[in-house]
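Structural characterization, general
Next come the chains, spelled out residue by residue.
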Amino acid sequence: MDGLLEVDVLIYPDEVRLARPEDIREWELEPASQLSLPTLRLFMALYPYNPAAMSLNRETAAEELPFVPGQIIKVFGDKDSDGFYHGESGGLWGDVPSNMVAEVPVEDEDLKELLMQQGFLLVDHTGASFTPEDLSETSSVPDDVVVRRMVAIFEYNPWESSPNLDSGAELGFRSGDIIYVFGDMDQDGFYYGDLHGQRGLVPSNFLQPLPWN
């Protein structure tokens, strides 16, 4: 439209002023690395969620992501004021209720890629049963005991987090530690494992099976 002039302005809390040529040059030279991009984080579904049947807001249920326990969900950014993340899983995008998921604090990029490709956190239940007394600190592993290679997906401090009174029998570990477990988990959900030569009980829900190299 004739007679209109387009200008750039800067808006501050206490003033509004026209942009100067040096302001515009500074914007043009700002590197792309300084742009704010959402951070990718991995979460695991703790409970089944069917938005059509469970959503508290039926009008937005179609915008929410359905999932099942153990499903890996890629989350971008922080949760909103309603307590929802925005995420993707299995090619579907949607809002994710924060009280139904838990973050998997994985820093290793190879492990993160493995979890995203797998899509689920599963526990392997095959192998021979035995008790910790069958393996002393210096004993070898019996031939009939299946050894599995697993990675810790959460940090675990038995002195702070253990549900057992005898937490001294458990191993502490950090996210990303490789732990070798022997046989099946016990009735309390613990494996007997080895970490850097130290052996003890490890909670199965803190581990993820890894293939042998």
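Going by the structure above, here's the rest.
Below, the structure is looked at part by part. Predicted model only: the values in this text are computed from it and were never measured. (Residues numbered from 1 in each chain as written. Predicted model: local features only at pLDDT ≥ 70, side-chain atom pairs only at ≥ 80, totals over all residues. Heavy atoms only, no water.)

1. Overview of the side chain of R148
Structurally, R148 can be placed in strand β8 (residues 147-152). Given a relative accessible area of 6%, R148 falls into the buried group. (Helix = DSSP H or I, 4+ residues; strand = E, 2+ residues; numbered from the N terminus. Buried < 20%, exposed > 50% of the residue type's maximum accessible area, 1.4 Å probe, protein only.)

2. Quick look at the side chain of S55
By secondary structure assignment, the location of S55 is in the loop between α2 (51-54) and β4 (72-76). Take S55: its relative accessible area is 5%, and that puts it in the buried class. At 3.1 Å, the side chain of S55 forms a polar contact with the backbone oxygen of N57. Polar side-chain contacts of S55 include one of 2.8 Å to the side chain of E64. The contacts of S55, once residues within four sequence positions are left out, are Y49, N50, A61 and E64. (Polar contact = N/O pair within 3.5 Å; in protein donor to acceptor, adjacent residues only side chain to side chain. Contact = heavy atoms within 4.5 Å.)

3. Digging into the environment of W93
Summarising the element assignment, W93 is placed in strand β6 (residues 92-97). Judged by relative accessible area, W93 falls into the exposed class, the value being 53%. Taking the C-alpha atoms as reference points, W93 and V75, separated by 18 residues in sequence, lie 9.8 Å from one another. Once you skip the residues sitting within four places of it in the chain, W93 turns out to touch L65, F76, H86, G87 and E88.

4. A short note on the pairing of strand β9 (residues 178-182)
Where β8 lies against β9, five bridges are found, and the strand directions are antiparallel. Paired with M150 across the bridge in β9 is I179. Strand direction decides the pairing type here: β9 and strand β10 (residues 190-195), joined by three bridges, are antiparallel. The partner of Y180 across the bridge, within β10, is D194. (Pairing = 2+ DSSP bridges.)

5. Structural notes on the environment of G176
Considering the arrangement of structural elements, one finds G176 in the loop between α4 (158-161) and β9. Sequence spacing of G176 and I153 is 23 residues, and the spatial spacing of their C-alpha atoms is 6.1 Å. Not counting the four nearest positions on each side in its chain, G176 is found in contact with V151 and A152.

6. Observations regarding the pairing of β10
Within a regular beta strand, the side chains point alternately toward one face of the sheet and then the other, so they alternate between its two faces. A large share of β10 lies buried, amounting to six of its six residues. Covered by surrounding structure in β10 are F190, Y192 and D194 together with Y191, G193 and L195, the residues of both alternating faces. Here β10 folds back onto strand β11 (residues 198-203), and the loop between the two strands holds two residues, one of which, H196, carries a positive phi near 55°.

7. What to know about the pattern of salt bridges
Enumeration according to the criterion identifies five salt bridges in this entry. A salt bridge links E103 to R41; the nearest nitrogen and oxygen atoms lie 3.1 Å apart. Residue E103 is located in strand β7 (residues 101-103), and its partner R41 is located in strand β3 (residues 40-45); the two are separated by 62 residues in the primary sequence. Overall, E103 belongs to the partly exposed group, its relative accessible area being 33%. Using a relative accessible area of 19% as the deciding quantity, one classes R41 as buried. A salt bridge links R199 to D194; its shortest N-O distance comes to 3.2 Å. With respect to burial, R199 and D194 carry one shared label: buried. (Salt bridge = Lys/Arg side-chain N within 4 Å of Asp/Glu carboxyl O.)

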